[in-house]
Every structure is written in structure tokens, then in C-alpha cells.
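Single-letter residue listing:
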Amino acid sequence: MEFKKPTILVVDDMTTTLLLLHDLLKDTYEVKIAKSGTKALEILESPNDIDLILLDIEMPDINGYDVCKRIKNNETITHIPIIFITGRTSQADEEYGLNLGAIDYITKPFNNAIVKLRIKNYLNLKIKNDMLEKLSMYDGLTNIRNRRYFDETFEKTFNEIKRDKKSLAVLMIDIDFFKQYNDSYGHLKGDYALESVAKAMKKCCTRSTDISFRLGGEEFGLIYIASNQKEALVFAKKIQDEIHNLKIEHKSSKVSSYLSVSIGLFFSENIRDFSKDDIYQRCDDALYFAKKAGRNNIYSIDTLSF
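The structure contained in this document is the topic of the report that follows. (Residues numbered from 1 in each chain as written. Predicted model: local features only at pLDDT ≥ 70, side-chain atom pairs only at ≥ 80, totals over all residues. Heavy atoms only, no water.)

## Side note on the overall build of the chain
- A count of helical and extended segments in the chain gives 10 helices and 11 strands.
- Whereas a compact globule of 306 residues would reach a radius of gyration of roughly 19 Å, the chain reaches 25 Å, over 25% beyond that.
- If you line up the chain on its principal axes, its C-alpha atoms span 75 × 40 × 30 Å.
- The buried share of the chain, taken over its 306 residues, is 45%.
- As displayed, the chain offers around 16200 Å² of accessible surface, 50% of which is attributable to carbon and sulfur atoms. (Helix = DSSP H or I, 4+ residues; strand = E, 2+ residues; numbered from the N terminus. Rg over C-alpha atoms; globule rule 2.2 N^0.38 Å. Buried < 20%, exposed > 50% of the residue type's maximum accessible area, 1.4 Å probe, protein only. Areas by Shrake-Rupley, 256 points an atom, 1.4 Å probe, with all protein chains shown as cover.)

Set out below in C-alpha cells:
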């Protein structure tokens, strides 16, 4: 795997400072520069890979404090650490900057070696924290996202789709008679079955917007951007068939010779009519009816399909 250099955004209206920091950091990091607060926000509010921001305070358009406030109020970039590098030397200025959410405050003129060491230490810590955060979002057994990731991603996806007026499908998937499977084959085989189901779901998720999760136990979830209900149902059927085609024997099942799933499906072309909790509840209700109707089927709110 190719190592990617961390990326630092340097924001200062003084060309001499920009050149100095660029030359100081370019051998170790990718360095992007912005000569104004406006340009910095333009870079940050577009898709970016910024790992750290070095931010001046005195700038003609938007001062560094206001840039910092804008960053910390934007949920998509609030996580990016900020170090103020400034000519303001008073303790009151430093306290104010740190209270805004900056991780450090360095005054000019600065010592090159000290700046490099501070940046190195902060980035090493950020990389470790990012790795821990990623691990906390994945299910240890199946290696797909977990319930925590589902809750956070569902919130984000719901808000984006509501804003963009797109349609949304949410699936809840439950392995049929899984307790009986564990009783018959043992928990090691049960774990293998859970891993296999997760892999089958992941195989069906061919777009970056298709996201599968393990919600807990034998229950899984999936977010799918579908253009209409038929497309969502076809996708749900694909998931069901992929799992059936694993041909995992299940002699204790009352509905199939092989491991099977029941799927509850929510779909709406206009989710502005629903709250996030409404969607989750309706999807859960659909799964309940899919199981009540005999399992090994798909239930889409009011319509039993396939």
C-alpha cells in the first residue's frame, strides 16, 4: 500500500510566511496554500483531504478567528485540527483562539524546528485517533459497518437526501431462525454464517452510496439510493438471492433447506414527508410483517412482494 503524505493547509496573507512554511514542510507533507480566509474556506468547503490547518489571524478579508469559527460550525470539516500562527502575542489572544477550538497557538517569529516537531506530534496523534475512530465504526466479526456507523450515516444520508430531494430505500434484514441454527450447528458455524451473509450483502453494494451494516445479532441494515420502489424491491430480491445462493445448510429452518433472510423495506420518493425516526420505525415494522407472514420474503410497508 502506497503511503500518503498528510496534507497541510497554510493560510496567511503574507507571501513571505507562505513561502517559509511551504519550504519548511514540503519534504514531509503535501502543502496547500491560501492567501485569504475566503480562499481557505473555498478549499475546505469543497471535497478535500486536509489533515491540519496552519492559520494566521490578521487577514484583510476574513480574520483567522472568524475562519476558525466557520470551520468549527461546519460538521463536515470541524474535525480538522487548527494551529494559529500569528503575530498576536498577548495571552488574551491566545486564550481566545484556543477557546474557539484551535489545538495550538504559535507566535511569530517562530522557531522552525519547534514548529516542525509540534506539527509532527499533532499529526501522529490525529492519525492514531482516526484509526481508532474507524475501528469503532466497524463490526469486529463481519468487518462491515456497525450500529454506531449506521446511526451516524443514516442521520447524514437522511439530511443530504432531504436537502437534494432524492428518493431513499432502507432495508432491514434478519436471518431466519438463527437461534435454531446456532443450537443445531454451534456458535462457530453461526459466526461463519454471519460473516458469509455480510460478504454477500457487501458483494451487492456496487456503488459508494450503497452501505451495509450489522445492526446487532442476526440483524443487518442497508441504505440504498433507489430511483423508484421497483428498483428498491429488485435490489432487495438480489440481496435475498445472493444469501440463498451461499447454500448454507439449515436443517432447523421451517422455510428453507438453506439459510434464508426476511427483509423489511422502506422506500419513499419524498422523505421530507417523514422524520428519521419515522423511516426507521416503518422499516422495522416492515421487517416484523415479513417475519409474521412466514419469513424468507420481502415486505415493503403495505405490499408483500416476491
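## Side note on the packing of helix α1 (residues 15-25) against helix α5 (residues 112-136)
- Contact pair α1 / α5: the axes reach a minimum separation of 11 Å and the direction vectors enclose 60°. In the packing of α1 onto α5, the handedness of the crossing is right-handed. Contact residues: L20, L24 and L25 in α1; N112, V115, K116 and I119 in α5.
- A per-class count over the contact of α1 with α5 returns 5 nonpolar, 1 polar and 1 charged. (Axes fitted to C-alpha atoms, helices over the stretch in contact; angles between N-to-C directions. Left-handed = near helix turned anticlockwise from the far one by under 90°. Contact = heavy atoms within 4.5 Å. Nonpolar A, V, L, I, M, F, W, Y, C, P; charged D, E, K, R; others polar.)

## Notes on the nonpolar core
- L171, F220 and I239 are the most contacted members of the largest nonpolar core, which has 33 residues in total.
- Ranked by the residues each element gives to this core, the list is headed by helix α8 (residues 187-204), at 7 residues. (Core = buried A, V, L, I, M, F, W, Y, C linked by side-chain atoms within 4.5 Å.)

## Regarding unusual backbone geometry
- At the junction of K108 and P109, the peptide bond is cis and its omega measures out at -5° in the coordinates.
- By the element assignment, P109 lies in the loop between β5 (104-107) and α5.
- With a phi close to 50°, F177 is a non-glycine residue in the positive phi region.
- Among the secondary structure elements, F177 is positioned in the loop between β6 (168-175) and α7 (178-185).
- The exposure class of F177 is buried, given its relative accessible area of 11%.
- Its identity as a non-glycine residue notwithstanding, R295 has a phi of 70°, on the positive side.
- In this fold, R295 is placed in the loop between α10 (276-292) and β10 (298-300).
- The class of R295 is partly exposed, set by a relative accessible area of 24%.

## Concerning the sheet that holds strand β3 (residues 52-55)
- Read from one edge of the open sheet, 5 strands run β2-β1-β3-β4-β5, paired in parallel fashion. The outermost strands of the open sheet, each flanked by one partner alone, are β2 (30-34) and β5. Along the sheet, successive strands turn relative to each other by an average axial angle of 20°, direction set aside.
- α1 contacts β1 (7-11), β2, β3 and β4 (82-86) of the sheet and is inclined by roughly 170° relative to β2.
- Together, β3, β4 and β5 form the strand contacts of helix α3 (residues 64-72), whose direction differs from that of β4 by roughly 175°. (Pairing = 2+ DSSP bridges.)

## Looking at the pattern of salt bridges
- Per the stated rule, a full pass over the model turns up 20 salt bridges.
- One salt bridge in this structure joins D23 and K26, with 3.8 Å as the shortest N-O distance.
- Overall, the relative accessible area of 40% leaves K26 in the partly exposed class.
- A salt bridge links K179 to D183; its shortest N-O distance comes to 3.2 Å. With a gap of 4 residues between them, K179 and D183 both fall in helix α7, about one helical turn apart. (Salt bridge = Lys/Arg side-chain N within 4 Å of Asp/Glu carboxyl O.)

## A few points about the state of the cysteines
- The final tally for this structure, using the stated rule, is 0 disulfides.
- Left unpaired, C205 is separated from the closest cysteine sulfur, that of C204, by 6.8 Å.
- Among the cysteines around C283, which has no disulfide bond, C205 carries the closest sulfur, lying 14 Å off.
- Classification of C283 by relative accessible area gives buried; the value is 0%. (Disulfide = S-S within 2.5 Å.)

## Things to note about the pairing of strand β7 (residues 211-216)
- With 5 of its 6 residues buried, β7 lies for the most part within the structure.
- In the sheet, β7 pairs with strand β8 (residues 219-224) via 5 bridges, with the strands oriented antiparallel. Looking across to β8, one finds that F213 is bridged to G221.
- Between β7 and β8, which pair antiparallel in sequence order, lie 2 residues; one of them, G217, sits at a positive phi of approximately 55°.

## Remarks on the pairing of β3
- Of the two faces of β3, the one lined by L52 and L54 and the one lined by I53 and L55 are each fully buried.
- Strand direction decides the pairing type here: β1 and β3, joined by 4 bridges, are parallel. Across the sheet, residue L9 finds its bridge partner in β3, namely I53.
- The sheet contact formed by β3 and β4 spans 3 bridges and is parallel. Looking at the pairing, L55 lines up with F84 of β4.
- You can see the chain leave β3, run along α3 and come back into β4, and the turn it takes is right-handed. (Right-handed = clockwise from strand over helix to strand, strands pointing away.)

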